[in-house]
Amino acid sequence: MNIFITGASSGIGESLAYYYAQKGATIGLVARREDRLKAVVEKVKELGGNPISYILDVANQEDVQKATSSFLEQAERIDMVIANAGVGGSDNLSSGNASTINKILSINILGVTNTVIPFIPSMKEQKSGQICIISSIAGTRGLIGHGGYSGSKAAVRLLGDSWDYSLSRHNISTTVVSPGWIATEMTARHTFKMLFLMDSETAAGKIANAIEKRKRKYILPWQWNIIVPIFRFLPRWMIKLVSV
Ligand SMILES: NC(=O)c1ccc[n+]([C@@H]2O[C@H](COP(=O)([O-])OP(=O)(O)OC[C@H]3O[C@@H](n4cnc5c(N)ncnc54)[C@H](OP(=O)(O)O)[C@@H]3O)[C@@H](O)[C@H]2O)c1
C-alpha cells in the first residue's frame, strides 16, 4: 500500500504511520518539525514500513504540490491519503490582527485541499483510492473563543461530504473522521477532565478500520455519537456553561 499522511510527526498522524508501517506500507510522512519526523522515519523503518519524509508546511500549496508529485513518482501509485495535520488555538479576536486565526484556517482548511487534490487525478486514473480527512467534534458548533478551529473543522467535514458525491463513482472513498478527545500534544495542555479520552494508538486503529470499511463519516470514541446530535441542538446558554 502507498499512503500519504500529513501531521505525521506526533499524535494521531504518528500513530497512523506506525499502524501502516506494520503492514509494510510505503508512507509519505509530512510535518514541519524535522527532528520529530526523523524519529518517526526511523521507527517506521523498524516496524517494516518504507518511509519517505517531507518537511513542509501544509498551508504552502507549492511545497505540498512538489511533495505529492515526488511521492507519486517514487511510489508509482497512491492508495490512501490522510489529511490529518491541524492546529488548535484561540481566535485572538481582540488583537485587531487576523494573523492568528488566519493561520489556523489556512493550516486546517487549505492544508486539506493542498494535500488531497493533487492525488485525485491519479486515483481517478487507477479507479481506486481512499481519502481520509481528520475533522473534529468541535466542528459541530461554534465554540467560544475558538471559532477558527471549529469553523475549520466544520469546513473540512463539508468538503469531504461534497467530494464523496463526485469521487465515489470513480471507486474513491472519502472518510471524514471526527474525533473527540484524543491524548496527544494538542490536548496535553488541558487541565480539565477530558470526557472519554482515548490514546492515539487506539484511535489510529479505529480510524484505519473506518477507512478500510469506506465509511463516509466516523466519530470516535463511540460515546460521542450520542452526544454530538444533542450538542447540535443545545441552546446557546448551555453551550456557554459547558465551554472551557
Ligand atoms: N487530539 C484531539 O483530541 C483531537 C480531537 C479532534 C480532532 N483532532 C485533530 O487531529 C489532527 C491531529 O492532531 P493531534 O491531536 O494528533 O495533535 P498533534 O500531536 O499536535 O499533531 C498535529 C500534527 O500536525 C502537524 N502540523 C501542524 N501544523 C502543520 C503544518 N502547518 N504543516 C504540516 N504539519 C503540520 C504537526 O507537526 P509539526 O508541528 O511538526 O508540523 C503534528 O504532526 C488535527 O487535525 C486535530 O485538529 C485532534
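Description of the structure in this document. (Residues numbered from 1 in each chain as written. Predicted model: local features only at pLDDT ≥ 70, side-chain atom pairs only at ≥ 80, totals over all residues. Heavy atoms only, no water.)

Notes on unusual backbone geometry
Both trends apply: most residues other than glycine have a negative phi, and most peptide bonds are in trans. Look at the link from Leu220 to Pro221: it is a cis peptide, with omega at -15°. Its identity as a non-glycine residue notwithstanding, Asn92 has a phi of 55°, on the positive side. With respect to the helices and strands, Asn92 occurs in the loop between strand E4 (80-83) and helix H4 (99-116). Phi at Lys127 is positive, roughly 60°, even though this residue is not glycine. Within the secondary structure, Lys127 sits in the loop between helix H5 (120-126) and strand E5 (129-134). (Helix = DSSP H or I, 4+ residues; strand = E, 2+ residues; numbered from the N terminus.)

Focus: the nonpolar core
If you look at the biggest cluster of nonpolar residues, it comprises 32 residues, and the most contacted ones within it are Ile5, Tyr20, Leu29, Ile82 and Ile207. Setting aside residues no more than four positions away along its own chain, Ile82 makes contact with Ile3, Phe4, Ile5, Thr6, Leu16, Tyr20, Cys132, Ile134 and Ile211. (Core = buried A, V, L, I, M, F, W, Y, C linked by side-chain atoms within 4.5 Å. Buried < 20%, exposed > 50% of the residue type's maximum accessible area, 1.4 Å probe, protein only. Contact = heavy atoms within 4.5 Å.)

Describing the pattern of salt bridges
Under the criterion given, the structure shown has 7 salt bridges. In this structure, Glu62 and Lys66 form a salt bridge, with 3.8 Å as the shortest nitrogen-oxygen distance. Of the two residues, Glu62 and Lys66 are both situated in helix H3 (residues 61-75); the distance of 4 residues between them amounts to about one turn of the helix. With relative accessibility at 53%, the residue Lys66 sits in the exposed group. If you follow the salt bridges from partner to partner, you end up with Arg33, Arg36 and Glu185 in one network. (Salt bridge = Lys/Arg side-chain N within 4 Å of Asp/Glu carboxyl O.)

Examining the site of the ligand
Residues in contact with the ligand amount to 30 residues; listed here are only the nearest, Arg32, Asp57, Asn84, Tyr149 and Thr184. Taking Ser10, its side chain carries an N or O atom lying 2.9 Å from an oxygen atom of the ligand. In the environment of the ligand, an oxygen atom lies 2.8 Å from a nitrogen or oxygen atom belonging to the backbone of Ile12. Within the complex, 96% of the 880 Å² of free accessible area of the ligand lies under protein. Among the elements of the structure, helix H1 (11-21), helix H6 (147-167) and helix H7 (185-188) are those that each provide at least two residues to the shell around the ligand. Looking at the shell around the ligand, the element that brings in the most residues is H7, giving 3 residues. A class-by-class count of the residues in the shell around the ligand yields 14 nonpolar, 11 polar and 5 charged. (Near = heavy atom within 4 Å. Polar contact = N/O pair within 3.5 Å; in protein donor to acceptor, adjacent residues only side chain to side chain. Areas by Shrake-Rupley, 256 points an atom, 1.4 Å probe, with all protein chains shown as cover. Nonpolar A, V, L, I, M, F, W, Y, C, P; charged D, E, K, R; others polar.)

As for the sheet that holds strand E1 (residues 2-6)
Strand order in the open sheet formed by 7 strands is E3-E2-E1-E4-E5-E6-E9, and the pairing between neighbours is parallel. The open sheet has two edge strands with one neighbour each: strand E3 (50-55) and strand E9 (217-220). Put simply, the sheet's adjacent strands are angled 15° from each other on average, direction ignored. Relative to E5, E4 runs parallel, the two sharing 4 bridges. Paired with Ile82 across the strands is Cys132, a residue of E5. Most of the contacts of H6 go to strand E6 (residues 172-179), to which it runs at about 160°, and overall it touches E5 and E6. The sheet contacts of helix H8 (residues 200-212) involve E4, E5, E6 and E9, and relative to E9 the element is tilted by about 160°. (Pairing = 2+ DSSP bridges. Axes fitted to C-alpha atoms, helices over the stretch in contact; angles between N-to-C directions.)

Things to note about the side chain of Ser178
Turning to its location among the elements, Ser178 is positioned in strand E6. Once residues lying within four places of it in the same chain are set aside, the contact partners of Ser178 are Ser135, Ser136, Ile137, Tyr218, Ile219 and Leu220.

Thoughts on the packing of H1 against helix H2 (residues 34-46)
Two numbers describe a pair of packed helices, the interaxial angle and the distance between the axes. In contact at an axis separation of 9 Å, H1 and H2 are set at 20° when each is read in the N-to-C sense. If you check the angle between H1 and H2, you find them roughly parallel. In the packing of H1 onto H2, the handedness of the crossing is right-handed. In this structure, H1 uses Glu14, Ala17, Tyr18 and Ala21 to contact H2, whose residues at the interface are Arg36, Val40, Lys43 and Val44. Taken together, the residues of the contact of H1 with H2 sort by class into 5 nonpolar, no polar and 3 charged. (Parallel < 35°, antiparallel > 145°, perpendicular 65-115°, else oblique. Left-handed = near helix turned anticlockwise from the far one by under 90°.)

Remarks on the packing of aromatic side chains
The tally for this structure, following the rule as stated, stands at 7 aromatic pairs. Considering the side-chain rings of Tyr19 and Tyr20, the 5.1 Å spacing of their centres and the 80° angle between planes classify their relative orientation as edge-to-face. Under the relative-accessibility criterion, Tyr19 is labelled partly exposed at 25%. Aromatic pair Phe71 and Phe119: ring centres 6.4 Å apart, planes at 90°, arrangement edge-to-face. One end of the pair, Phe71, is in helix H3; the other, Phe119, is in the loop between H4 and H5, with 48 residues separating them in the sequence. Both residues of the pair, Phe71 and Phe119, count as buried. (Phe/Tyr/Trp six-rings, centres within 6.5 Å; stacked < 30°, edge-to-face > 60°.)

Interpretation in functional terms is not warranted from these geometric data alone.
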